[in-house]
Amino acid sequence: MERMKKPATIEMIEVPVPFSPGTTNCYFIPGSTPTLIDPGVYSPEAFKRLQSGLRELGADIADIERIILTHGHADHAGLAGAVAALGRAAVFVHRREEERMLVWSEKVRKQKAEGFHDFFGQAGVSQNIAAKATRVLLDRFRRNFSPISEMVFLQGGELLSFDQFELRVLHTPGHTAGSICLFDDSQGLLFAGDSLHAKIVPYISTECEAPVGEPAYFALEQYLETLEVLGALPARCALPGHGPRSLRPGELIGRLKRNRARRRQRIVEILQSGTPWMSQFAILERMFLGAAAAGVLYMGISEVRGCLEVMEKEGLVAAVVDGGPKLYRLNGQNPARQEAN
Ligand SMILES: [Zn+2]
């Protein structure tokens, strides 16, 4: 009689994060290539928790041979360099995340600062608020990333082998341009990173500018495609980057699609009732109270901008740039109202 295959061991260590959402799920897969998926943020507390979590499981940070990052945000990837420096782990990340992974360097932070200046300026954020939000973001980069220079770049489609199974790399842009999910076809297990969460709606980050030679990135459009791709997988369990796992990934995806459709409808309503030409920031202020809070401003603008990009492509909104912020109105709105303003 054929011996039943032992289910693969996958452990989860919840690592603290000094900003929202408070913790990140780090997955540890023991075996002949001990692997971490998303080690967490670079902080003494996170490092201690990861070390104690691994020790409870009979392992050590120095044993780790492979680190796979679902994307390059600090709460997932910040510790990667520090873990790699202690042992001999190779760090795997999608190539579109390279710049994010290098924000520990002052040179890259300076480039990012220029990008944020343009990003907030185009959105119609006042210089004071933009400067404060940029400081918060750059400070987060500086504190929460350990230096790393050697990475193995993924592009999607690769198969990563473990003792009892394989993980297929799926390029799932939307949350970031280089987000990936990892899928185990044999068990229907989906490591979802921040592409799917059971309790919170993942935000989409619109990039300041695509790297030279890379195609432009339309965050919401690509995120909606990602939801279709994930929805078509025979997934039985989604293991997200934050919060509880989900045994009904299909339901989750349906809920996220409905949520996006509601946000889009809200923007249409705001454009119908507001001044004829509105900036991304003016729309955001009406959508979310307290939107100017520095820590969430980037996320909020990204959401609105992503939605407007899709609506502009579909011809639903018209946009003008006249030396200042980009301004939008619904197509079909009476242009006379514009002159009257
Ligand atoms: Zn995250």
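Residues numbered from 1 in each chain as written. Predicted model: local features only at pLDDT ≥ 70, side-chain atom pairs only at ≥ 80, totals over all residues.

Participant: For this particular structure, what's the right way to read unusual backbone geometry?
Facilitator: With glycine set apart, most residues show a phi of negative sign, and most peptide bonds adopt trans. Going from Ser-20 to Pro-21, the amide bond is cis rather than trans, its omega being 10°. Checked against the element boundaries, Pro-21 lands in the loop between β1 (11–16) and β2 (23–29). A positive phi angle, near 55°, is found at Asp-38, a position not held by glycine. Positionally, Asp-38 belongs in the loop between β3 (35–37) and α1 (44–56). With 27 C-beta atoms packed within 10 Å, Asp-38 lands in the buried category. (Helix = DSSP H or I, 4+ residues; strand = E, 2+ residues; numbered from the N terminus. Buried ≥ 20, exposed ≤ 12 C-beta atoms within 10 Å, placed from the backbone.)

Participant: How should I be thinking about the nonpolar core in this particular structure?
Facilitator: Burial of nonpolar side chains together is a common tendency in soluble globular proteins. Counting 89 residues, the largest nonpolar core has Ile-67 and Val-91 as the members making the most contacts within it. Shared between two domains, this core holds at least three residues of each, these being domain 1 (11–103 + 145–256) and domain 2 (263–340). When neighbours within four sequence positions are excluded, Ile-67 is seen to be in contact with Leu-36, Pro-39, Ala-80, Val-83, Ala-84, Ala-89, Val-91 and Phe-92. (Core = buried A, V, L, I, M, F, W, Y, C linked by C-beta atoms within 7 Å. Domains from an automatic or database assignment. Contact = placed C-beta atoms within 7 Å.)

Participant: Any chance you could explain the environment of Leu-159 here in plain terms?
Facilitator: As for its position among the elements, Leu-159 is in strand β7 (residues 159–161). Taking the C-alpha atoms as reference points, Leu-159 and Phe-183, 24 residues apart in sequence, are found 9.4 Å from one another. Those residues in contact with Leu-159, other than ones at most four positions away along the chain, are Glu-166 and Arg-168.

Participant: Teacher, can you tell me more about the sheet that holds strand β10 (residues 189–193) here?
Facilitator: Note: strands within a sheet are paired through backbone hydrogen bonds, in either parallel or antiparallel orientation. In space, the 5 strands of this open sheet follow the order β7-β8-β9-β10-β11, with mixed pairing throughout. Every other strand in the sheet has two partners, leaving β7 and β11 (237–240) as the edge strands with one partner each. The sheet shows a mean angle of 25° between the axes of neighbouring strands, taken without regard to direction. (Pairing = 2+ DSSP bridges. Axes fitted to C-alpha atoms, helices over the stretch in contact; angles between N-to-C directions.)

Participant: Honestly, the packing of helix α8 (residues 249–273) against helix α9 (residues 280–287) in this entry has me stumped. Any pointers?
Facilitator: A pair of packed helices is captured by two measures, namely the crossing angle of their axes and the spacing between those axes. Across the interface, α8 lies against α9 with an axial gap of 10 Å and an inter-helix angle of 110°. Accordingly, the angle class assigned to the pair α8 and α9 is roughly perpendicular. Here Arg-266, Ile-267 and Ile-270 of α8 come into contact with α9, specifically with Ile-283, Arg-286 and Met-287. Its residues assigned to classes, the contact of α8 with α9 comprises 4 nonpolar, no polar and 2 charged. (Parallel < 35°, antiparallel > 145°, perpendicular 65-115°, else oblique. Nonpolar A, V, L, I, M, F, W, Y, C, P; charged D, E, K, R; others polar.)

Participant: Explanation requested: the pairing of strand β8 (residues 166–171) in the structure shown.
Facilitator: On a regular strand, one side chain projects to one face of the sheet and the next to the other, so that they alternate. Inspection of the sheet shows β7 paired to β8 by 3 bridges, in the antiparallel sense. Each residue of the ladder has a partner; that of Leu-159, found in β8, is Arg-168. Following β7, the chain reverses through 4 residues before pairing antiparallel with β8. Pairing geometry for β8 and strand β9 (residues 180–184), over 4 bridges, is antiparallel. For Val-169, the partnering residue across the bridge sits in β9 and is Leu-182.

Participant: What's the story with the sheet that holds strand β14 (residues 326–330) in this structure? I'm lost.
Facilitator: One open sheet accounts for 3 strands, arranged β12-β14-β13; its pairing is antiparallel. Of all strands in the sheet, those bounded by a partner on one side alone are β12 (278–279) and β13 (317–321). Pairing between β13 and β14: 5 bridges, direction antiparallel. The residue of β14 that forms the bridge with Val-317 is Leu-330.

Taken by themselves, the reported measurements are silent on function.
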